Amino acid sequence: MTTEARATGLPRGTSAQTGAAGPAGAGGPAGALDPEAATRERLRRWRLVLGGDAADGTGHALTGRDAAMDGALAALYGKRDKPAAGKERAAGLGASAPAVARWLGDIRRYFPSSVVQVMQRDAIDRLGLSTLLLEPEMLEAVQADVHLVGTLLSLNKAMPETTKETARAVVRKVVEDLEKRLATRTRATLTGALDRSARVHRPRHHDIDWNRTIAANLKHYLPEHRTVVPERLIGYGRASRSVKKDVVLCVDQSGSMAASVVHASVFGAVLASMRSVSTRFVVFDTAVVDLTDRLDDPVDVLFGTQLGGGTDINRALAYCQSRITRPTETVVVLISDLYEGGIRDEMLKRVAAMKASGVQFVTLLALSDDGAPAYDRDHAAALAALGTPAFACTPDLFPEVMAAAIEKRPLPIPDTA
C-alpha cells in the first residue's frame, strides 16, 4: 500500500477524531501534551498513515479503535496496487457482499463523511465493486453523494428491477440535498437578473416598480411636503408577465462528465420551475436526446441519461440551434470537456453563427466541485478566439454565471480557469 493511498483517506479525517481514541494521556490538543506523550501521538498518526505490519518502522503498535481503523484502511489500500502477471488485483474486501457491507459500516463509524466518500470511490475504482452496487442491500449501506449517483447511472442499463427502486431512492436523496442547497439562491439571483434585463424607464402606472423608483429619486425628497417627487420612473414592461429568456442547457453525457450531469439536471429543474424562463435540457454523446419534458423531476432526467460513449458536440449544437426562435433572448450553455468526436470546424462555425445572431453562448468545462477538469485545450482556445471563453464552474458560481449571461455582461470567470 502506498503512503499516498492512506493519506487520501486518513490524516484530515483522523486528526479530528482519533485524539479520544488514542492511548491514555494522548487525548486533547497536541500543544497540551508533554514531550513523551506528544512523541507517542506523532508515531501513532504516522503508523496510521503508513500502514504495514505491526509497527512498520515506527515502533508503535495499534490497539483498540486504532487497530480497527487500520483494518478498514488495510482492506482497501493494504495490498499490492499492481496485480502480479496473470493475476487479478487483490485486496482485503474480496467480492463478498456481506464483507463489503460490514466494511462500509466500519468506515462510516471511524471517519467523517468527506473521507467516507473518498474511500467509497476508491473502493469502486480499485476493487471493481460496481457490480455489488446492483444489490439493494449494498445500496442501502453506502453513503450517497454525487459521484455514487454517477456510478449508478452508468450501471442503469444493467440494473435489475429489484434494485431500481432502491437506486432511485438513493439518487433522489442526493438530488433533494442539492436542490435544498442551490435552488433558493439560484431563483433569487436569476429573478433579479431577469428584472434588470426587462426594466423600462417609461412604464405604465401599474408597471411601476415603486421600490426602485423611490430609491432612485431620494435626492428629490421635499421635506416640507414629506414626499418624493420622482423625476425618473423605473418599472417593468408587459413582458414581465411572459417568458423573458430562453435557456438551452446542452450537456455532455460522456462518462467523465457524470458529476456535471447530476448538477446540470438539478439546475435544469430549478430553471424550468421559473415562469419567466423557458428551459430546454439536451444531453448528448454521439446521439442527442431532448429531456425537456422530464424537467419537472430531475431524477427522471438523470435516469434518462446514458453515461459513457463518444462525443459529438457539433450534432448536439446543430439540434440546439434548430430550436432557437428568439436568438437575442436566448442563452445557450454548453457543458462539455470539449473532446469532440464530430466535425470540429462545423462545431466552431455553429458557435460563431449563434453568437452573430445574438445568442449569449456560455461554455463550461465542468459543473462540479471536483476542481480543474481535463479538457481539450485546442478547442477551448478556438472557442475563446470566438469570444466564448471556456472555464470550469462550481455549482455555487453557476447562478452568477447565468445572471451575467442574461444581463449580457461579462461572465464571472474564476481566476483559476
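Definitions and limits used
Residues numbered from 1 in each chain as written. Predicted model: local features only at pLDDT ≥ 70, side-chain atom pairs only at ≥ 80, totals over all residues. Heavy atoms only, no water. Helix = DSSP H or I, 4+ residues; strand = E, 2+ residues; numbered from the N terminus. Buried < 20%, exposed > 50% of the residue type's maximum accessible area, 1.4 Å probe, protein only. Contact = heavy atoms within 4.5 Å. Areas by Shrake-Rupley, 256 points an atom, 1.4 Å probe, with all protein chains shown as cover. Salt bridge = Lys/Arg side-chain N within 4 Å of Asp/Glu carboxyl O. Polar contact = N/O pair within 3.5 Å; in protein donor to acceptor, adjacent residues only side chain to side chain. pLDDT = per-residue confidence, 0-100. 1 Å grid on protein atoms, 1.4 Å probe; cavity = no way out; pocket = protein on both sides within 12 Å on 5 of 7 lines; lining within 4 Å. Points joined across faces, edges and corners; volume = space filled by probe spheres on them. Nonpolar A, V, L, I, M, F, W, Y, C, P; charged D, E, K, R; others polar. Pairing = 2+ DSSP bridges. Axes fitted to C-alpha atoms, helices over the stretch in contact; angles between N-to-C directions.

Asker: For the overall build of the protein chain, give the residues involved together with the corresponding values.
Answerer: Helix and strand counts for the protein chain come out as 16 helices and ten strands. For the protein chain, with 417 residues in total, the buried portion stands at 47%. In the protein chain, the share of contacts with a sequence separation of at least 24, taken over all contacts with a separation of at least 6, comes to 73%. With an accessible surface of roughly 20,000 Å², the protein chain has 51% of that area assigned to carbon and sulfur atoms.

Asker: Kindly report on the side chain of His 220, identifying the contributing residues and their values.
Answerer: Take His 220: it is sitting in the loop between α10 (210-216) and β2 (221-222). Ignoring any residue separated from it by four or fewer positions in sequence, one finds His 220 in contact with Thr 227, Val 228, Val 229 and Glu 231.

Asker: Any chance you could break down the pattern of salt bridges for me, citing the residues and the numbers?
Answerer: Scanning the model with the defined rule gives 21 salt bridges in all. In this structure, Asp 396 and Arg 181 form a salt bridge, with 2.9 Å as the shortest nitrogen-oxygen distance. Of this pair, Asp 396 sits in the loop between β10 (390-393) and α16 (398-407) while Arg 181 sits in helix α9 (residues 161-198), and the two are 215 residues apart along the sequence. By relative accessible area, which is 39% here, Asp 396 ends up partly exposed. For Arg 181, a relative accessible area of 40% translates into the label partly exposed. A salt bridge links Asp 345 to Arg 344, with the nearest nitrogen and oxygen atoms 3.6 Å apart. Residue class for Asp 345 comes out partly exposed when judged on its relative accessible area of 48%. On the basis of relative accessibility, which here comes to 32%, the residue Arg 344 falls in the partly exposed class. Each of the salt bridges in this network shares a partner with another, and the network as a whole consists of Glu 41, Arg 44, Arg 45 and Asp 66.

Asker: Give me the lowdown on the environment of Ser 273, citing residues and values where you can.
Answerer: Secondary-structure assignment places Ser 273 in the loop between α11 (258-272) and β6 (277-284). Taking relative accessible area as the criterion, Ser 273 reaches 42% and is therefore assigned partly exposed. For the pair Ser 273 and Ala 183, spaced 90 residues apart in sequence, the C-alpha to C-alpha distance is 10.0 Å. A polar contact is formed between the side chain of Ser 273 and the backbone oxygen of Val 270, at a distance of 2.5 Å.

Asker: Could you give an account of the confidence of the model for the protein chain, with specific residues and numbers?
Answerer: Chain-level statistics for the protein chain give a pLDDT mean of 81 and a share of 81% at 70 or above. Counting contacts from residues 80-91, a segment whose pLDDT is below 50, to residues more than four positions away or on other chains yields 17 contacts.

Asker: So what about the layout of surface pockets? Which residues, and what values?
Answerer: In this structure, the largest pocket spans a volume of roughly 320 Å³. As for the largest pocket, its lining consists of 16 residues, and the residues nearest its centre are Arg 121, His 147, Gly 150, Thr 151 and Ala 258. Taken together, the elements giving at least two residues each to the lining of the largest pocket come down to α6 (113-127), α8 (146-154) and α11. With five residues, α8 is the largest single contributor of residues to the lining of the largest pocket. Each residue belonging to the lining of the largest pocket can be placed in one class, and the counts come to five nonpolar, seven polar and four charged.

Asker: Would you mind going over the sheet that holds strand β7 (residues 288-290) in detail, with residue names and values included?
Answerer: The strand order across the open sheet built from six strands is β7-β6-β5-β8-β9-β10, with neighbouring strands paired in mixed fashion. The sheet is open, and its two edges are formed by β7 and β10, each paired on a single side. Going across the sheet, the axis of each strand differs from the next one's by a mean of 25°, ignoring polarity. Examined bridge by bridge, β6 and β7 share three bridges and lie antiparallel to one another.

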